[in-house]
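# Observations on chain architecture
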Amino acid sequence: MKYVLITGGVVSGLGKGVTASSIGVVLKACGLRLTSIKIDPYLNTDAGTMSPFEHGEVFVLDDGGEVDLDLGNYERFLDVRLTRDNNITTGKIYQSVLEKERKGDYLGKTVQVVPHITDAIKDWIESVSAIPVDGKAGPADVCVIELGGTVGDIESMPFIEALRQLYFSKGPDNFCLIHVSLVPVLGVVGEQKTKPTQHSVRELRALGLTPHFLACRSAQPLLENTKQKLSQFCHVPVANILNIHDVPNIWHVPLVLRNQNAHEAILKQLALLGVATPPNLQEWTARAENFDNLTNSVKIAMVGKYVGLTDSYLSVVKSLLHACTSLSFKPSIEWIAASDLEDESAKLTPEAHTKAWETLRNSACVLVPGGFGDRGVKGMILAAKYARENKVPYLGICLGMQISVIEISRSILGWKGANSTEFDEHAPNPVVIFMPEGSRTHMGSTMRLGSRRTLLQTSDCITAKLCHNPEYVDERHRHRYEVNPEVVGDLEKTGLRFVGKDESGQRMEILELQSHPFYVGVQFHPEYKSRPGKPSALFLGLILAATGKLEAYVKTHQNGSI
């Protein structure tokens, strides 16, 4: 097994995840098989209980792992299926070591960070990297490891030491270290500054790791004298200084690396030149260039709770991108804070209220993504009602589906007390209820998580036609609440159809409104399995409906493939 380690310096948020994914794309294009590991030095066992405002979205894997959003980037870029073990956290490592200590596995020894924690990290990396994630037999050729945070952070020290030991044990031909750093330009001087990178590399070398490559983030391409300076003071050959400057879209990043012959230098470092082929990135090149040349756009109203940080809905944004570009449109996402649509907002913040409603009315379709808690729910219900009454294409995901059920129960059935027990435990008409297998005392990993099968109840529905009439779909879930099966009969009298159910037939998975061109709610999260070139069928359907092309598409693609 060959290892490519990505570390970061100077500041966080430089794009280590995109860099790691892009390096993976280039190596995969050279005919190599890839796997990925993300190391997060925080003490949480996983990302499941973290606020989206603080850490971005929680990405869910097939096995139910709640992980860092960078694993979503890996899956989308490399088209692989990762597991929860591909995300290592300090919490997981300490938990495994302490469990062993309680069992007496350490035979009375004093358990310490070195060697016990560092050994556990190395063992985890070696065992997980050997598990294939691309659907083929046998281990991958290269494992790309991204170390979260910034070099010098106290919390990442045990990981740095473990990786230093791993490098020493595997030998130089099996290990490649790429350090991502920032080369800023100060406004007054206008000069590309190398000092932050110099200090960052010095810190890394003091910890026993010397980078083979520098991946320098900058607004503009690096000047030659900047590269010479970095090479001289960071002990990295000029040819190994990669420049990842700002590009029109992230699909250009693998091409930027390819154009700098990054693949050749990395393959040479890993002694893989003999087995690799020239990179075949025709599909990526076409995708990146096509996006740059798109002129028509679709206005999509995204009515959510966490719109202050767009990373909170990263997979939804990427899924809209995949769907739009496949139809030669650019997504124009109009972010609407759900609370701004509410009546209370008209009194407290009238300008925001007016603008929110104006944005909603000017959009071609409405999307209500997942979320937890009652903040903004009234606004989401109003958005769903607007889309239903005005025949505007609507897609509700997870909470967005439950919102549809509440809105229709109140507006059409006349159940004024209809609500979810998440928002009102004593609701007179509980149309959305807590799932019996959930836990009310523990938050982490107690939801219905991971890939679950949804059986389509009829072939005569939009979802079945978009998916080309399968008997079932396997999609990823993340929820504690579900539609109350006792009210399904009443809801279906309104024209609402539950066209997808779980294998027991009691859990509602997909709803559609018969008298509407496209009004779909799903309990699962289709965004987690969308890929560039392979958009999610439901996101594709939303954009087709928004652009008036759904009916024609369904007729011509019923027996084909997306």
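As a starting point, this report considers the structure included with it. (Residues numbered from 1 in each chain as written. Predicted model: local features only at pLDDT ≥ 70, side-chain atom pairs only at ≥ 80, totals over all residues. Heavy atoms only, no water.)

## Details of helix α19 (residues 537-546)
- Counting buried residues in α19 gives ten out of ten residues, a clear majority hidden from the surface.
- For α19, the full list of buried residues reads Ala537, Leu538, Phe539, Leu540, Gly541, Leu542, Ile543, Leu544, Ala545 and Ala546.
- Looking one or two residues past α19, glycine 548 carries a phi angle of roughly 75°, positive in sign. (Buried < 20%, exposed > 50% of the residue type's maximum accessible area, 1.4 Å probe, protein only. Helix = DSSP H or I, 4+ residues; strand = E, 2+ residues; numbered from the N terminus.)

## A word on the nonpolar core
- With 51 residues, the main nonpolar core has Val4, Ile6, Leu27, Ile178, Leu257 and Ile266 as its most contacted residues.
- A total of seven residues in this core trace back to one element, the largest contributor, which is helix α1 (residues 16-29).
- If near-sequence neighbours (up to four positions away) are discounted, valine 4 is found in contact with Leu27, Val142, Cys143, Val144, Ile145, Cys176, Ile178, Ile266 and Leu270.
- In this structure, Val316, Ile397, Ile462 and Phe524 belong to the second largest nonpolar core, which totals 42 residues. (Core = buried A, V, L, I, M, F, W, Y, C linked by side-chain atoms within 4.5 Å. Contact = heavy atoms within 4.5 Å.)

## So, the sheet that holds strand β15 (residues 429-434)
- On the basis of which strands lie adjacent, the open sheet formed by three strands has the order β14-β15-β18 and mixed pairing. Only two strands of the sheet have a single neighbouring strand rather than two, namely β14 (418-420) and β18 (481-483). For this sheet the average axis-to-axis angle between neighbouring strands, irrespective of direction, equals 30°.
- As paired strands, β14 and β15 are joined by three bridges and run parallel to one another. Within β15, the position partnered with serine 420 by the bridge is valine 432.
- Those strands touched by helix α16 (residues 399-411) are β14, β15 and β18, and its axis lies near 165° from that of β14. (Pairing = 2+ DSSP bridges. Axes fitted to C-alpha atoms, helices over the stretch in contact; angles between N-to-C directions.)

## A word on the pairing of strand β7 (residues 175-182)
- The buried count for β7 comes to seven of eight residues, which makes it a mostly enclosed element.
- Judged from the six bridges that link them, strand β1 (residues 2-8) and β7 form a sheet pairing that is parallel. Looking at the pairing, valine 4 lines up with cysteine 176 of β7.
- Here β7 runs beside strand β8 (residues 213-218); their pairing, made up of five bridges, is parallel. Looking across to β8, one finds that histidine 179 is bridged to leucine 214.
- Crossover β7 to β8 through helix α7 (residues 195-206) is right-handed. (Right-handed = clockwise from strand over helix to strand, strands pointing away.)

## Some remarks on the packing of α1 against helix α3 (residues 70-78)
- Orientation of α1 relative to α3, taken along the N-to-C sense of each, is 20°, at an axis distance of 9 Å. Taken together, the axes of α1 and α3 lie roughly parallel to each other. Considering the relative orientation of α1 and α3, their crossing is right-handed. On the side of α1, the interface is formed by Gly17, Val18, Ala20, Ser21, Ser22, Gly24, Val25 and Lys28, while α3 contributes Asp70, Asn73, Tyr74, Phe77 and Leu78.
- Residue composition of the contact of α1 with α3, grouped by class: six nonpolar, five polar and two charged. (Parallel < 35°, antiparallel > 145°, perpendicular 65-115°, else oblique. Left-handed = near helix turned anticlockwise from the far one by under 90°. Nonpolar A, V, L, I, M, F, W, Y, C, P; charged D, E, K, R; others polar.)

## Brief notes about the packing of aromatic side chains
- Considering all chains together, one arrives at ten aromatic pairs under this definition.
- Judged by centre distance (5.0 Å) and plane angle (75°), the rings of phenylalanine 59 and tyrosine 528 are edge-to-face. Remark: tyrosine 528 occurs in the loop between β21 (519-522) and α19 and phenylalanine 59 occurs in strand β3 (residues 59-60); sequence separation between them is 469 residues.
- A relative accessible area of 4% means that tyrosine 528 is categorised as buried.
- Through successive ring pairs, a cluster of aromatic residues spans Phe53, Tyr306, Tyr313 and Trp335.
- Between the NZ or CZ atom of lysine 330 and the centre of the ring of phenylalanine 291, over which it lies, the distance is 5.0 Å. (Phe/Tyr/Trp six-rings, centres within 6.5 Å; stacked < 30°, edge-to-face > 60°. Lys NZ or Arg CZ within 6 Å of the ring centre and 35° of its normal.)

## Here we look at α1
- With 14 residues, α1 extends 20 Å from end C-alpha to end C-alpha; this agrees with the ideal 20 Å at 1.5 Å per step.
- Taken across its 14 residues, α1 has 13 buried, putting it largely inside the fold. (Expected span 1.5 Å × (residues − 1).)

## What about the sheet that holds strand β10 (residues 297-304)?
- The sheet built from nine strands is open, its strands ordered β11-β10-β12-β13-β21-β20-β19-β16-β17 with mixed pairing. The two strands at the open ends of the sheet, each matched to only one other strand, are β11 (330-337) and β17 (472-479). Shown here is a sheet whose adjacent strand axes are inclined to one another by a mean of 25°, direction ignored.
- Of the strand pairs in this sheet, strand β16 (residues 448-456) and strand β19 (residues 496-501) are connected by two bridges, and their pairing is antiparallel. The residue bridging leucine 455 from the neighbouring strand is lysine 501, located in β19.
- Across the sheet, helix α12 (residues 314-326) is in contact with β10, β11 and β12 (365-368); its angle to β11 comes to roughly 150°.
- Against the sheet, helix α14 (residues 350-361) touches β10, β11 and β12, its axis set at about 150° to β11.

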